[in-house]
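# Analysis of the macromolecular model
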Amino acid sequence: MKFSYKILFCCIITMAAAFGAGGYFFIDDVFRASMERETTQAMDESSILQFAFETAALNIPSKYDILQNSVIEEIGSNLEKGGQGTGRLLRLSDEDRTVLYASEGFVEDTALLCAVEEQTRAYQVTCADDRYFIQTGTMLNSRDRILYLETMRDVTEVYGERSRGFAVYRNMTLLILVFSSVFMYFISSWLTKPIRLLTQATRKMTAGDYSYRAEQVSLDEMGQLTQDFNHMAGVLEENIHKLEEEVRAREDFIAAFSHELKTPLTSIIGYADLLRSRRLDEEKHFLSANYIYTEGKRLEAMSLRLLDIIVSKRRGLELQDADVSLLFGYLKDIYEAQEDIHFVFQYEPGRIPAEIDLLKTVLLNLADNACKASEPGDTVEVSGRKTEEGYLFSVKDYGVGIPEEECQKITEAFYMVDKSRSRSRNGAGLGLALCAELLKLHRSKLMIESTPGKGSCFSFRIPCERGGG
Ligand code: ADP
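This one's a predicted model, so the numbers in the text were calculated from it and none came from an experiment.

Counting its regular elements, the protein contains 12 helices and 12 strands. Against the globule reference of 23 Å for 469 residues, the protein gives a C-alpha radius of gyration of 57 Å, more extended than a compact globule. Along the longest, intermediate and shortest principal axes, the C-alpha atoms of the protein span 175 × 60 × 35 Å. Here the protein holds 469 residues, and 37% of them are scored as buried. Considering only contacts within the protein whose residues lie at least 6 apart along the sequence, 65% involve residues at least 24 apart. As presented, the protein carries roughly 28,300 Å² of accessible surface, and 55% of it is formed by carbon and sulfur atoms.

Its place among the elements puts Ser189 in helix H4 (residues 156–191). A relative accessible area of 17% means that Ser189 is categorised as buried. Aside from chain neighbours lying at most four places away, what touches Ser189 is Ser4 and Arg196.

The subject of this paragraph is a nonpolar patch on the surface. A cluster of nonpolar side chains, namely Met1, Tyr5, Phe9, Ile13, Val182, Tyr185 and Phe186, defines an oily patch on the protein surface of about 760 Å² accessible area. Elements with a contribution of two residues or more to the nonpolar patch: helix H1 (3–59) and H4. The residue Tyr5 is located in helix H1 in this model.

Read across the open sheet, the five strands follow the order E7-E9-E10-E12-E11; overall the sheet is mixed. Looking at strand neighbours, the two that pair on one side only are strand E7 (342–347) and strand E11 (447–451), the edges of this open sheet. Each strand of the sheet is rotated relative to its neighbour by a mean of 10 degrees, with strand direction disregarded. Across six bridges, the pairing between E7 and strand E9 (residues 379–386) is parallel.

Before going further, it helps to spend a moment on unusual backbone geometry. One non-glycine residue with positive phi stands out, namely Arg97, at about 60 degrees. Along the polypeptide, Arg97 turns up in the loop between strand E1 (89–93) and strand E2 (99–102). One non-glycine residue with positive phi stands out, namely Asp130, at about 60 degrees. Position of Asp130 among the secondary structure elements: in the loop between strand E3 (121–128) and strand E4 (131–142).

Remark: the centre distance and the inter-plane angle together describe each pair of aromatic rings, the angle taken between the planes. The tally for this structure, following the rule as stated, stands at 13 aromatic pairs. Geometrically, the ring pair formed by Tyr132 and Tyr159 is stacked, given 3.9 Å between the ring centres and 10 degrees between the ring planes. Within this pair, whereas Tyr132 is found in strand E4, its partner Tyr159 is found in helix H4, the two being separated by 27 residues in sequence. Owing to a relative accessible area of 28%, Tyr132 belongs among the partly exposed residues under this scheme. Considering the side-chain rings of Phe328 and Tyr347, the 4.2 Å spacing of their centres and the 0 degrees angle between planes classify their relative orientation as stacked. Highlighted residues: Phe328 in helix H8 (residues 324–335) and Tyr347 in strand E7, separated in sequence by 19 residues. By relative accessible area, Tyr347 is classed as partly exposed at 29%. Following the ring pairs from residue to residue traces out a cluster consisting of Phe328, Tyr347, Tyr391, Phe393 and Phe460. Sitting above the plane of the Phe31 ring, Arg162 keeps its charged end 4.2 Å from the centroid. Here the guanidinium or amino end of Lys360 rests over the ring plane of Tyr330, the centre of that ring lying 4.7 Å away.

Conventions we followed
- Residues numbered from 1 in each chain as written.
- Predicted model: local features only at pLDDT ≥ 70, side-chain atom pairs only at ≥ 80, totals over all residues.
- Heavy atoms only, no water.
- Helix = DSSP H or I, 4+ residues; strand = E, 2+ residues; numbered from the N terminus.
- Rg over C-alpha atoms; globule rule 2.2 N^0.38 Å.
- Buried < 20%, exposed > 50% of the residue type's maximum accessible area, 1.4 Å probe, protein only.
- Contact = heavy atoms within 4.5 Å.
- Areas by Shrake-Rupley, 256 points an atom, 1.4 Å probe, with all protein chains shown as cover.
- Patch = residues over 30% accessible without salt bridge, like charges linked within 9 Å, V, L, I, M, F, W, Y side chains within 5 Å.
- Salt bridge = Lys/Arg side-chain N within 4 Å of Asp/Glu carboxyl O.
- Pairing = 2+ DSSP bridges.
- Axes fitted to C-alpha atoms, helices over the stretch in contact; angles between N-to-C directions.
- Phe/Tyr/Trp six-rings, centres within 6.5 Å; stacked < 30°, edge-to-face > 60°.
- Lys NZ or Arg CZ within 6 Å of the ring centre and 35° of its normal.

What follows is the structure in structure tokens.
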């Protein structure tokens, strides 16, 4: 069952119960008050008749001291006639509770008569021929005789009023319930609108539309829930995109890896087959063997780089307080002696939180790439300076440069701008990917500025304060 219908039915049931119980107690209370009033009047009338009977009995001359039955009947008849128009009914009985006089229509039931005792005035509600009466009974003591006087007061109207009240109230309640049900239907639909919108959004998202958001239609708790849901959907969408990108990158990586593996392997297999199937002259034999050797070396270098990347992704880092002059000294020892490329070193002394061996690998890769991109006689500048945000390293060359659209991609594994040029220089497109991973451990990243034909500058900044890797 729909939630809005549940709200609707709960309201209808509550309203019906409230109206029913409220109406019943109200009408019943009015009825009780009326009955109390009627009972008081019946008792008063009983007292008046008692007084009237005793007075009449005293005033009637009699030759006997004891009141005769015929006299009692006569007084009873006179008292009944005296109340003509009021529907007065009475019954007189002697000391043995034998009826001496009874108005026409007086009930035959003598239960009350038996219950009447001295000094008491009893009453009960009696029903006869679909009419209701308050029957009263009292004891008279007149001229040495004990008599019983009973009266009946018609209260059918009071009961009728109660029945009419119930009927009116029932019809009114039904009418109110019908109208309020229609009204409540719209209210419950309006109240549950945010739930419907959220359900719709959930279904859309389940079907793959992650950008769908639920419309916020209120500022209450439901509105807050919608807001939170949309926020959660935003975070989920972001994470899903990230995951998708990661999967794509992984697939690209595997495709590039298989390709990079296939190229040297094809050459190695081809030349090995040549060597084993034919007798070659010495020069061709040497060239084939050399090809197998260099391609094998390339495979070895590639597998070592890959291993480095995987290890650096998994490892934690212990930063040490390192002296930058150690790094520059190390590079100087390797490159200053180079004859075809002219290396220039310029740096400010300083200390940085770093793992020195990893930074050496980064700078070696950058310097190697600068050499590969340069022509003999070109200059490569390696510099270091302090800035507010940290120590800035840069490796600048005046070589082939990189087109702007490629700068973003060269840190991806196996990406090479000029594949044949890179492969001819033993490259596999893994050096910068490794640098990026190692710099990530130092909370840093590669910044690349390059102009095709003019050269490139690769730089990175090591933050001064230790922040953990
Ligand atoms: P490789 O092992 O091929 O050098 P890298 O990841 O180090 O792999 O570099 C990726 C590609 O970026 C290289 O193939 C090269 O085309 C380009 N590249 C890197 N450094 C430079 C540079 N200083 N000048 C021009 N191109 C560069």
